[in-house]
Amino acid sequence: MLINDQIDTERFNCEAPVVMEDFHTGQRHDGSMYNYSRGGMYIELDYPLKPGSKVRILIENGKAGGHSESCVAKTVWCKEIPGAVVLYDYGIGVRYDLDVNASSYMNKFHVINGGANNNNT
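Throughout what follows, the structure given in this document is the object of discussion. Computed from a predicted model, the values in this text were never measured in an experiment.

1. Points about the overall build of the chain
Within the chain one finds 0 helices and 6 strands. When the helices and strands of the chain are placed in sequence order, the string is β-β-β-β-β-β. Every one of the 121 residues in the chain was classed for burial, and the buried ones make up 44%. Excluding contacts between residues fewer than 6 apart, the proportion of contacts in the chain whose partners are at least 24 apart in sequence is 61%.

2. What to know about the pairing of strand β1 (residues 11–22)
Pairing of β1 with strand β2 (residues 28–37), which is carried by 9 bridges, proceeds in the antiparallel orientation. Paired with Val18 across the two strands is Gly31, which belongs to β2.

3. Digging into the packing of aromatic side chains
This model, assessed by the stated rule, comprises 2 aromatic pairs. Measuring from centroid to centroid gives 5.9 Å for Tyr42 and Trp77, while their planes differ by 25°, and the two rings are stacked. Here Tyr42, found in strand β3 (residues 40–45), pairs with Trp77, found in strand β5 (residues 68–80); they are 35 residues apart in sequence, far enough to count as distant. Accessibility assignment for this pair places Tyr42 and Trp77 in one class, buried. Over the ring of Trp77 we find Lys79; its NZ or CZ atom is 5.3 Å from the centre of that ring.

4. Things to note about the pattern of salt bridges
Throughout the structure, instances matching the rule amount to 1 salt bridge. Glu21 is the salt-bridge partner of Arg28, the closest N and O atoms lying 3.4 Å from each other.

5. Things to note about the layout of surface pockets
Quantified by volume, the largest pocket comes out at close to 160 Å³. Lining the largest pocket are Asp22, His24, Thr25, Tyr47, Pro48, Leu49, Lys50 and Ser53. Its residues assigned to classes, the lining of the largest pocket shows 3 nonpolar, 3 polar and 2 charged.

6. Topic: the nonpolar core
Residues Met20, Met33, Tyr36, Met41, Ile43, Ile57 and Val94 are the most contacted members of the largest nonpolar core, which totals 19 residues. Broken down by element, the residue count for this core peaks at 5 residues, all from β1. Excluding residues within four positions of it along the chain, Ile57 makes contact with Val18, Val19, Met20, Met41, Ile43, Glu69, Ser70, Cys71, Ala73 and Val94. In this structure, Tyr34, Tyr42, Val76 and Ile81 belong to the second largest nonpolar core, which totals 6 residues.

Conventions and cut-offs
Within each chain, residue numbers correspond to sequence positions counted from 1 in written order. In keeping with the model being predicted, local features are shown solely for residues with a pLDDT of at least 70 and side-chain atom pairs are shown and tallied solely at 80 or more, while totals for entire chains, interfaces and linings include all residues. Excluded from the side-chain calculation are hydrogens and water; included are all heavy atoms of the structure. For the purposes of this entry, the term helix denotes a DSSP run of H or I that reaches at least four residues, the term strand denotes a run of E that reaches at least two, and both are numbered from the N terminus. To sort residues, take the accessible area from a 1.4 Å probe on protein chains only and compare it with the maximum for the residue type: under 20% means buried, over 50% means exposed, and anything in between is partly exposed. Contacts: residue pairs with any heavy atoms within 4.5 Å of one another. Only strands joined by at least two bridges in the DSSP assignment are considered to pair. Aromatic pairs are defined between Phe, Tyr and Trp rings, using the six-membered ring for Trp, whenever the two ring centres lie within 6.5 Å; interplanar angles under 30 degrees are classed as stacked, those over 60 as edge-to-face, and all others as tilted. Our definition puts a charge over a ring when NZ of Lys or CZ of Arg is within 6 Å of the ring centre and also within 35 degrees of the ring normal. A pairing counts as a salt bridge when a side-chain nitrogen of Lys or Arg comes within 4 Å of a carboxyl oxygen of Asp or Glu. Using a 1 Å grid laid over the protein atoms alone, points where a 1.4 Å probe fits but cannot get out form a cavity; open sets with protein on both sides within 12 Å along at least 5 of 7 lines form a pocket; any residue with an atom within 4 Å of a point counts as lining. Grid points are joined across faces, edges and corners, and a volume is the space filled by probe spheres set on the points. Note on residue categories: nonpolar means Ala, Val, Leu, Ile, Met, Phe, Trp, Tyr, Cys or Pro, charged means Asp, Glu, Lys or Arg, and polar means any other residue, Gly included. We call a set of buried Ala, Val, Leu, Ile, Met, Phe, Trp, Tyr and Cys residues a nonpolar core when their side-chain atoms join them within 4.5 Å.

Shown next as structure tokens:
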């Protein structure tokens, strides 16, 4: 059973700095990605994004000499994160616009246990 429009695929916990660019407004927001799957990602930001917003996600890649990866996605959900102990105010689930091969990301991220809600994509 899928809850909150979750994608039924294996998730990989990780932490990577990201920049999300809203295609409609052109605004960019710094945040962190805490898990990803073949279908999407869970990202935390200080700025809410409306479900259905098309975004470009730029992912810093420390292992590849500072190169960045990017992908295009749509927000599926956005929820305020309660409590003052988290770094960001909003948890956001995104789904890739195009099929992305998650295995290509496997060697690019450092797997951790982190994020306020690392079970959602």
